[in-house]
Amino acid sequence: CGSRYGAKKSYEQVAHAFGWYLGSHHVELVYGGSVSGIMGTISGATLAAGGEVTGIYPEGLFDAELPRVNTTHAIRTSTIDERKKLLIEEPDAFFVFPGGFGTLEEISQAISWMTIGLIEVKPIGIFNMGGFYDPLVEQLQIFVDQGFATDIMPHIHVSDNFEDLVQMLDADRAALDATAAAK
């Protein structure tokens, strides 16, 4: 999720509802650690609903993007690359809220690392609010169809309903865990 709010007020409103859902359903949020923008809205609502939040924040890198100081767990890094590495390694699954170039970079890196075996395959949920990610999802499929990428699409779930998407992620995580346990 991004450090900005986006052009539509509905992004912030849905981010608040999503954070509240996470907190009230005991889903831990692992995120970029800031109070800014959509990420600040989601993390604040998750905490307000009684949920756990792990913030991963690069010390001293941003003047305008302040860290959330009341997270359940705080991980401070010295570089943005260290932050991204932990954001990819720490969670059990990924939830991609509408965002900007940083969001695109992080999910691209996570997918890349999974397909080349640097990290285990993890479920990815793309929250396609208002069709925001239609072009991205289409492009991901083109990469696979044209033979430029390993087919990870069975683990990329797309929905415009965040509750359904969280359930899809949970089911995929359980299936991946069962497969790993059977080996």
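Being a predicted model, the structure only gives us computed values, none of them experimental.

Enquirer: Sorry if this is basic, but what is going on with the sheet that holds strand β5 (residues 124-127) here?
Expert: Remark on secondary structure: sheet strands pair via backbone hydrogen bonds, oriented parallel or antiparallel. The parallel open sheet is built from 3 strands, whose spatial order is β4-β5-β6. Edge strands, defined here as strands with exactly one partner in the open sheet, are β4 (94-96) and β6 (156-159). Pairwise comparison of adjacent strand axes, ignoring direction, gives a mean angle of 20 degrees for this sheet. In this sheet, β6 lies alongside β5 in parallel orientation, the contact comprising 4 bridges.

Enquirer: How should I be thinking about helix α6 (residues 162-182) in this particular structure?
Expert: Turn by turn, an α-helix covers 3.6 residues, leaving residues three or four places apart pointing in a common direction. Across its 21 residues, α6 extends 30 Å between first and last C-alpha, which sits within 8% of the 30 Å expected from 1.5 Å per residue. Elements that come into contact with the buried residues of α6 comprise α1 (9-24), β4, β5 and β6. Two to three positions downstream of the cap, the backbone nitrogen of Glu 163 sits 2.9 Å from a side-chain oxygen, assigning the N-cap of α6 to Asn 161.

Enquirer: What am I meant to see in the packing of helix α3 (residues 80-89) against helix α4 (residues 101-115) here?
Expert: Packed helices, taken two at a time, are described by the angle their axes make and the gap between the axes. Where α3 meets α4, the axes come as close as 10 Å, and the angle between the chain directions of the two elements is 60 degrees. Between α3 and α4, the angle is such that the two are oblique. In this structure, the crossing between α3 and α4 has a hand that is right-handed. Facing Lys 84, Lys 85, Leu 87 and Ile 88 of α3, the residues of α4 in contact are Glu 105, Glu 106, Gln 109, Ala 110 and Trp 113. Class assignment of the residues belonging to the contact of α3 with α4 gives a composition of 4 nonpolar, 1 polar and 4 charged.

Enquirer: I keep staring at the nonpolar core and nothing clicks. Help me out?
Expert: Generally speaking, soluble globular proteins have nonpolar side chains that are buried together. Ile 124, Ile 126 and Ile 156 are the most contacted members of the largest nonpolar core, which has 19 residues in total. For this core, the elements supplying multiple residues, two or more each, are β4, α4, β5 and α5 (134-145). Counting residues per element, this core draws most heavily on α4, at 5 residues. Those residues in contact with Ile 126 that lie beyond four places of it in its chain are Val 96, Tyr 133, Val 137, Leu 140, Ile 156, His 157, Val 158, Ser 159 and Leu 165. Listed in part, the 17 residues of the second largest apolar core include Phe 18, Tyr 31, Met 39 and Phe 162.

Enquirer: Can you walk me through α3 in this structure?
Expert: Within α3, burial applies to Arg 83, Lys 84, Leu 86, Leu 87 and Ile 88. Residues of α3 that are buried in the fold lie against β1 (29-31), α2 (37-48), β2 (53-58), β3 (73-77), β4 and α4.

Enquirer: How should I be thinking about the sheet that holds β2 in this particular structure?
Expert: In space, the 3 strands of this open sheet follow the order β1-β2-β3, with parallel pairing throughout. Edge positions in the open sheet fall to β1 and β3, since each of these has one partner strand only. On average, adjacent strands in this sheet sit at an angle of 10 degrees to one another, irrespective of strand direction. As judged from the 5 bridges shared by β2 and β3, these two strands associate in the parallel manner. Note on β3: the bridge partner recorded for Ile 56 is Ile 75.

Enquirer: Would you mind showing me how to read the packing of α1 against α6 here?
Expert: It is the contact of α1 with α6, at a shortest axis distance of 10 Å, that shows an interaxial angle of 40 degrees. For the element pair α1 / α6, the angle class is oblique. Note that α1 runs across α6; the crossing there is right-handed. For the pair α1 and α6, contact is made by Val 14, Ala 17, Phe 18, Tyr 21 and Leu 22 and by Phe 162, Glu 163, Val 166 and Gln 167, respectively.

Conventions and cut-offs
- Residues numbered from 1 in each chain as written.
- Predicted model: local features only at pLDDT ≥ 70, side-chain atom pairs only at ≥ 80, totals over all residues.
- Heavy atoms only, no water.
- Pairing = 2+ DSSP bridges.
- Helix = DSSP H or I, 4+ residues; strand = E, 2+ residues; numbered from the N terminus.
- Axes fitted to C-alpha atoms, helices over the stretch in contact; angles between N-to-C directions.
- Expected span 1.5 Å × (residues − 1).
- Contact = heavy atoms within 4.5 Å.
- Polar contact = N/O pair within 3.5 Å; in protein donor to acceptor, adjacent residues only side chain to side chain.
- Parallel < 35°, antiparallel > 145°, perpendicular 65-115°, else oblique.
- Left-handed = near helix turned anticlockwise from the far one by under 90°.
- Nonpolar A, V, L, I, M, F, W, Y, C, P; charged D, E, K, R; others polar.
- Core = buried A, V, L, I, M, F, W, Y, C linked by side-chain atoms within 4.5 Å.
- Buried < 20%, exposed > 50% of the residue type's maximum accessible area, 1.4 Å probe, protein only.

Just distances and angles here, no functional claims.
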